[in-house]
Each structure stands twice: as C-alpha cells, then as structure tokens.
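Observations on the three-dimensional arrangement
As a plain string of letters, each chain reads:
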Amino acid sequence: MWNQGGYSESSMGGGYTQSPGGFASPALSQGGEKKGRTRATQIIPCTVSQLMSASQADEAFKVGDVEVAQVTIVGIIRSTDKSMTNIQYKVDDMTGAPMDVKQWVDTEDPSVDSTVLPPGTYVKVSGNLRSFQNHRSVVAFSVRPLEDMNEITSHMLEVVQAHMVLSKPQTMLGAGGGMSSNITPVSRPGIMGGMGGGYAGANDMANNGLSANQNQVLSLIRSCPDPQGISIQDLKQRLSGISLTIIKQAVEFLSNEGHIFSTIDEDHFKSTDNDD
Amino acid sequence: MAGILDVPKSRINCSMLSQHISRPVCFVGRVEKVHPTGKTFTVSDGEGKVATVELNDPLEEELSGIVEVIGMVSNKGGIIATTYNLLREDKGLFDLELYNEALKVIHDFPQHYPFEVASSG
C-alpha cells in the first residue's frame with residue numbers, strides 16, 4: 001500500500017499521526033524573536049579569518065550575514081600550553097594568524113594529561129566564539145585530532161557551502177525546488193552539480209524545519225490564488241518528480257502542523273499563511 | 001619562521017604559483033623526487049603538475065607521501081619552504097585530486113573562504 005522502499009517521513013496518514021517531538025517547527029524565526037540567551041541553533045564551519053573578521057553586536061557575532069556562535073574550525077596546532085585548569089592551543093588553518101583555542105579540563109580526571117595534543121597535530125575544533133577585551137578566541141568543547149586528512153578538504157568545502165547557503169535571504173525554496181536568484185553565481189557543473197536547479201537536498205539548511213519535498217508542496221499550495229485551493233491531483237501534475245504517496249504524506253504533515261487546511265473537500269488545500 | 005606563520009597563507013596548486021610570486025602560500029602535494037643534496041625536492045599537485053620546493057636546511061631523512069609545505073613563492077615559480085609537515089595516511093589515503101577541486105571552490109568563492117583578516121569593528 002504505502003511505498004516501502006522510499007522515504008520515511010514522520011506522518012503515515014490514516015488515523016495515525018506523528019509530529020516530530022515537542023517543538024513542532026524548530027527554529028522558525030518570525031522576524032527575530034529574542035530569547036534571553038544567544039540562540040545557537042546551528043554549528044557553523046568557519047575559517048579563522050572569518051572568526052577574526054566577524055562583526056560583533058553585544059554577544060552576537062556575524063560573518064557577513066551569517067550569525068555565528070558555535071563554530072568548527074580545522075587546522076594544525078602550532079603551540080600547546082597546559083595549565084591547571086585549561087589547555088590553550090594555537091590552531092592555524094592558513095587563513096590568518098593561528099587562533100587561540102581554550103579547552104577547559106576536568107582537574108579531577110586522571111586521563112587529562114594524555115589528551116593534550118602536541119604541536120603539528122591537525123585537529124577539528126568545535127566550540128564557541130568569544131571576544132574578551134577585543135581579543136578573539138574559541139572556547140572549545142571538543143578538540144579532536146584528525147585521523148583521515150581528507151577532513152581538511154571536506155571542511156574547506158563545508159565552509160563555503162554553509163556560508164553560501166546561510167547568506168541567502170530568509171525565503172522558502174521556490175516552487176519546484178529551484179534556487180533563489182539571489183544566490184551568488186555558480187559555475188562549476190562538475191563539482192557543484194547539486195547546487196543548480198535540482199538543489200533539493202537542503203534539508204538541514206532550510207530555515208523553517210521542513211524537508212525539501214514539504215517545502216515544494218507548501219510553496220505550490222501557497223501560490224494558488226483560487227479560493228477553493230489546489231487539489232492533490234494538481235499537486236501531482238505540477239510536481240511530476242514526486243510520487244503521489246509522498247505528496248500525500250507531505251500534505252498530511254503540513255496539515256497537522258497547521259501550515260495548510262482543507263477546503264471544499266479532503267483533496268483541496270489552502271495555505272494558512274496570508275502572504276499575497 | 002614566526003613571521004610567515006602569522007599571516008594568511010593561500011592554499012594553491014601549481015597553476016596558481018605565478019599569481020602568488022613573493023607571497024606566502026600553503027602547498028599540498030605528493031613528494032616526487034628528493035634531490036641527493038636534500039636541499040630541494042619536487043612535489044606534484046592534484047592536477048599532476050610539478051613544483052620545486054627549496055629548503056633552508058637540507059632534509060635529514062627520506063621524504064615521501066603527501067606533504068603540506070608553507071613558504072614563499074620565488075620569482076622562478078618555486079617554493080622556498082619555511083616549514084612543512086607530512087599528512088598522515090595511516091587511517092585513510094589522502095585524495096589529492098579532490099583537494100585540488102576544493103582549491104578551485106575556495107578560490108571561486110573568496111567571499112566565503114577569505115585568506116585575509118578584515119579589520120573587525
């Protein structure tokens with residue numbers, strides 16, 4: 001009955017519905033709701049140069065348009081300095097002077113000494129960007145030595161990809177999953193093939209917590225001007241690359257989340273958002 | 001040595017050497033031949049092109065595998081090395097061709113992978 005081989009989305013239809021956990025639409029920022037603490041909802045691959053050049057407003061850092069709080073960098077340790085309470089590294093990723101990285105140590109843990117990494121070790125640092133008296137550093141919760149040096153390559157690519165995708169304006173993916181025209185020009189079909197028209201893989205990067213398919217379905221429903229809404233059959237016709245089952249699953253999910261509602265019958269839907 | 005480590009060192013391959021004369025660079029490549037004197041060796045990049053690396057102090061042991069060289073590009077298009085380190089391959093071979101593709105990406109998008117530090121506010 002249902003497509004076994006494909007795609008396991010959260011809702012199954014029929015009487016059984018399932019929302020993804022307590023927070024229905026994760027990180028849906030409607031015009032900047034401010035919470036007390038920095039909303040570090042993402043960990044962003046960066047270069048040392050980006051961290052040093054980031055602008056700062058109160059506690060928030062920005063690399064261009066991209067807010068950065070939790071970051072990862074990949075570089076080689078140039079120096080190590082261990083004290084009673086912390087280990088300080090200088091990590092060089094070639095984009096500028098080595099970055100200060102501080103890692104707090106658990107003084108009660110006897111294995112701490114063995115975790116101090118010597119200069120010349122390539123590492124991936126995960127932590128928070130901090131500025132103290134105009135001096136930038138990363139307070140790390142993880143400093144992991146690289147075992148496969150291809151991680152250097154993958155980090156370079158991830159930095160470009162993350163900053164490119166996060167720099168685009170906060171709009172939904174357009175109908176059909178094409179890229180917004182504001183993206184910087186892409187010219188290499190060989191490498192960046194996925195970034196062209198068929199960029200449906202932006203699952204993790206979509207700003208509204210919906211998958212690519214759900215976004216496409218929602219876009220089409222939103223764009224329909226008819227008062228009775230758009231039918232499932234129309235959706236299937238317009239989204240020829242997506243199976244009817246998946247469209248139905250997406251519609252079910254969007255309806256449960258409150259993004260759409262049915263109109264004249266159970267096959268016609270309109271969007272709850274008024275963005276004409 | 002400290003000086004060059006504290007400035008940006010552009011990651012480049014052989015094709016980009018001519019655009020980086022007298023500038024600090026980081027060159028990753030496979031060691032090809034070590035000169036008998038140990039003072040120079042050749043490296044190949046992900047496109048198969050070859051560059052010459054000159055050392056201030058001769059090598060004391062044989063060098064092989066993937067090396068990351070930091071130094072200045074000479075007028076002749078070679079690299080005068082300040083320091084180098086071998087990239088370990090015990091837990092996986094390094095894909096030099098893929099690294100070369102990544103080089104093209106970061107040079108195509110310098111706004112997302114800057115080799116300079118803009119003065120921050």
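The model shown is predicted, which means the values in this text are computed figures rather than measured ones.

1. Considerations on the overall build of chain A
Of regular secondary structure, chain A possesses six helices and 12 strands. Residue pairs at least 24 apart in sequence account for 59% of intrachain contacts in chain A once pairs closer than 6 positions are excluded. Accessible surface, chain A: about 14500 Å² in total, of which carbon and sulfur atoms supply 49%.

2. Overview of the overall build of chain B
When its secondary structure is counted, chain B shows two helices and six strands. Listing the helices and strands of chain B from first to last along the sequence gives α-β-β-β-β-β-β-α. Here chain B holds 121 residues, and 46% of them are scored as buried. Element-wise, carbon and sulfur atoms account for 50% of the exposed surface of chain B, whose accessible area totals about 6000 Å².

3. Considering the interface of chain B and chain A
At the junction of the two partners, chain B supplies 35 residues and chain A supplies 37 residues. Summed over the three residues of chain B that lose the most area to chain A, namely F109, H112 and Y113 of chain B, the buried surface amounts to 20% of that side. K91 of chain B is the partner of E147 of chain A in a salt bridge, and the nearest nitrogen-oxygen pair spans 3.3 Å. Between chain B and chain A we count 10 residue pairs in polar contact (both at pLDDT 80 or more) in total. Of all elements in the fold, only β5 (66-73) and α2 (96-108) of chain B reach the threshold of two or more residues within the side of chain B that touches chain A. The dominant element in the side of chain B that touches chain A, judged by the number of residues it contributes, is α2 of chain B, at nine residues. A per-class count over the side of chain B that touches chain A returns 20 nonpolar, four polar and 11 charged.

4. Considerations on the nonpolar core
One broad trend across soluble globular proteins is that nonpolar side chains are buried collectively. In this structure, Y122, I152 and M156 of chain A together with V28, F41, L87 and F94 of chain B are the most contacted members of the largest nonpolar core, which totals 47 residues. With six residues, α2 of chain B is the largest single contributor of residues to this core. When sequence neighbours within four positions are dropped, the list of residues in contact with V28 of chain B reads R11, I12, I66, V67, E68, L87, F94, L96 and Y99 of chain B. One finds F61, V101, V105 and V138 of chain A within the second-largest nonpolar core, a separate group that totals 27 residues.

5. As for the sheet that holds strand β12 (residues 268-271) of chain A
Residue and element names in this part refer to chain A. One open sheet accounts for three strands, arranged β10-β12-β11; its pairing is antiparallel. Edge strands, defined here as strands with exactly one partner in the open sheet, are β10 (230-231) and β11 (260-262). Strand direction decides the pairing type here: β10 and β12, joined by two bridges, are antiparallel. By the bridge assignment, S231 is partnered in β12 with H268. Running at roughly 90° to β12, helix α4 (residues 212-222) makes contact with β10, β11 and β12 of the sheet.

6. Things to note about the confidence of the model for chain A
Residue and element names in this part refer to chain A. This prediction gives chain A a mean pLDDT of 77; 67% of its residues lie at or above 70. The spread of mean pLDDT over the elements of chain A runs between helix α3 (residues 189-192), the lowest at 42, and strand β5 (residues 70-82), the highest at 97. Across residues 2-21, where pLDDT falls below 50, the model places 25 contacts with residues more than four positions away in sequence or in other chains. Contacts of residues 172-205 to residues separated by more than four positions or lying in other chains number 49 contacts, the stretch itself having pLDDT below 50.

7. Some thoughts on α2 of chain B
All names here are of chain B. The terminal C-alpha atoms of α2 lie 18 Å apart, and with 13 residues this matches the ideal 18 Å at 1.5 Å per residue to within 8%. L96, Y99, N100, A102, L103, V105 and I106 are the residues of α2 that are buried. Regarding α2, its N-cap is D95, as a side-chain oxygen of that residue lies 3.3 Å from the backbone nitrogen of E97 further along.

8. A few points about the side chain of N100 of chain B
In this fold, N100 of chain B is placed in helix α2. Contacts of N100 of chain B, omitting those with residues within four sequence positions, involve N13, G46 and E47 of chain B.

9. Considering the pattern of salt bridges
One side chain can pair with another of opposite charge once the charged atoms of both are near each other. Evaluation of the coordinates by the stated rule reveals 11 salt bridges over all chains. Across the pair K124 of chain A and E151 of chain A runs a salt bridge whose closest N-O atoms are separated by 3.7 Å. Here K124 of chain A, found in strand β8 (residues 122-132), pairs with E151 of chain A, found in helix α2 (residues 150-167); they are 27 residues apart in sequence, far enough to count as distant. E54 of chain B serves as the salt-bridge partner of K76 of chain B, at 3.8 Å between the closest nitrogen and oxygen. Here K76 of chain B, found in the loop between β5 and β6 (79-86), pairs with E54 of chain B, found in strand β4 (residues 50-55); they are 22 residues apart in sequence, far enough to count as distant. Salt bridges sharing common partners tie together R78 and D92 of chain A together with K9 of chain B.

10. Re the sheet that holds strand β2 (residues 55-57) of chain A
Backbone hydrogen bonds are what pair the strands of a sheet, in a parallel or an antiparallel way. All names here are of chain A. With respect to topology, three strands assemble into an open sheet ordered β2-β3-β4, the strand pairing being antiparallel. The sheet is open, and its two edges are formed by β2 and β4 (66-68), each paired on a single side. Strand-to-strand twist in this sheet, taken as the mean axis angle between neighbours without regard to direction, amounts to 35°. In the sheet, β2 pairs with strand β3 (residues 60-63) via three bridges, with the strands oriented antiparallel. Looking at β3, one finds that S55 is bridged to K62.

11. Section: the packing of aromatic side chains
Residue and element names in this part refer to chain B. On inspection of all chains with the given rule, the structure shows three aromatic pairs over all chains. Taking the centre distance of 5.8 Å and the plane angle of 50° together, the rings of F94 and Y99 count as tilted. Residue classification places Y99 among the buried positions, given a relative accessible area of 2%.

12. Observations regarding unusual backbone geometry
All names here are of chain A. Phi is positive for Q133, close to 50°, though the residue is something other than glycine. In this structure, Q133 sits in the loop between β8 and β9 (135-145). Despite not being glycine, N134 has its phi angle at roughly 65°, a positive value. Looking at where N134 falls in the secondary structure, it is placed in the loop between β8 and β9.

Reading the values: rules and limits
Residues numbered from 1 in each chain as written. Chains lettered and ligands numbered in written order. Predicted model: local features only at pLDDT ≥ 70, side-chain atom pairs only at ≥ 80, totals over all residues. Heavy atoms only, no water. Helix = DSSP H or I, 4+ residues; strand = E, 2+ residues; numbered from the N terminus. Contact = heavy atoms within 4.5 Å. Areas by Shrake-Rupley, 256 points an atom, 1.4 Å probe, with all protein chains shown as cover. Buried < 20%, exposed > 50% of the residue type's maximum accessible area, 1.4 Å probe, protein only. Buried area = accessible area lost by both parts, 1.4 Å probe. Salt bridge = Lys/Arg side-chain N within 4 Å of Asp/Glu carboxyl O. Polar contact = N/O pair within 3.5 Å; in protein donor to acceptor, adjacent residues only side chain to side chain. Nonpolar A, V, L, I, M, F, W, Y, C, P; charged D, E, K, R; others polar. Core = buried A, V, L, I, M, F, W, Y, C linked by side-chain atoms within 4.5 Å. Pairing = 2+ DSSP bridges. Axes fitted to C-alpha atoms, helices over the stretch in contact; angles between N-to-C directions. pLDDT = per-residue confidence, 0-100. Expected span 1.5 Å × (residues − 1). Phe/Tyr/Trp six-rings, centres within 6.5 Å; stacked < 30°, edge-to-face > 60°.

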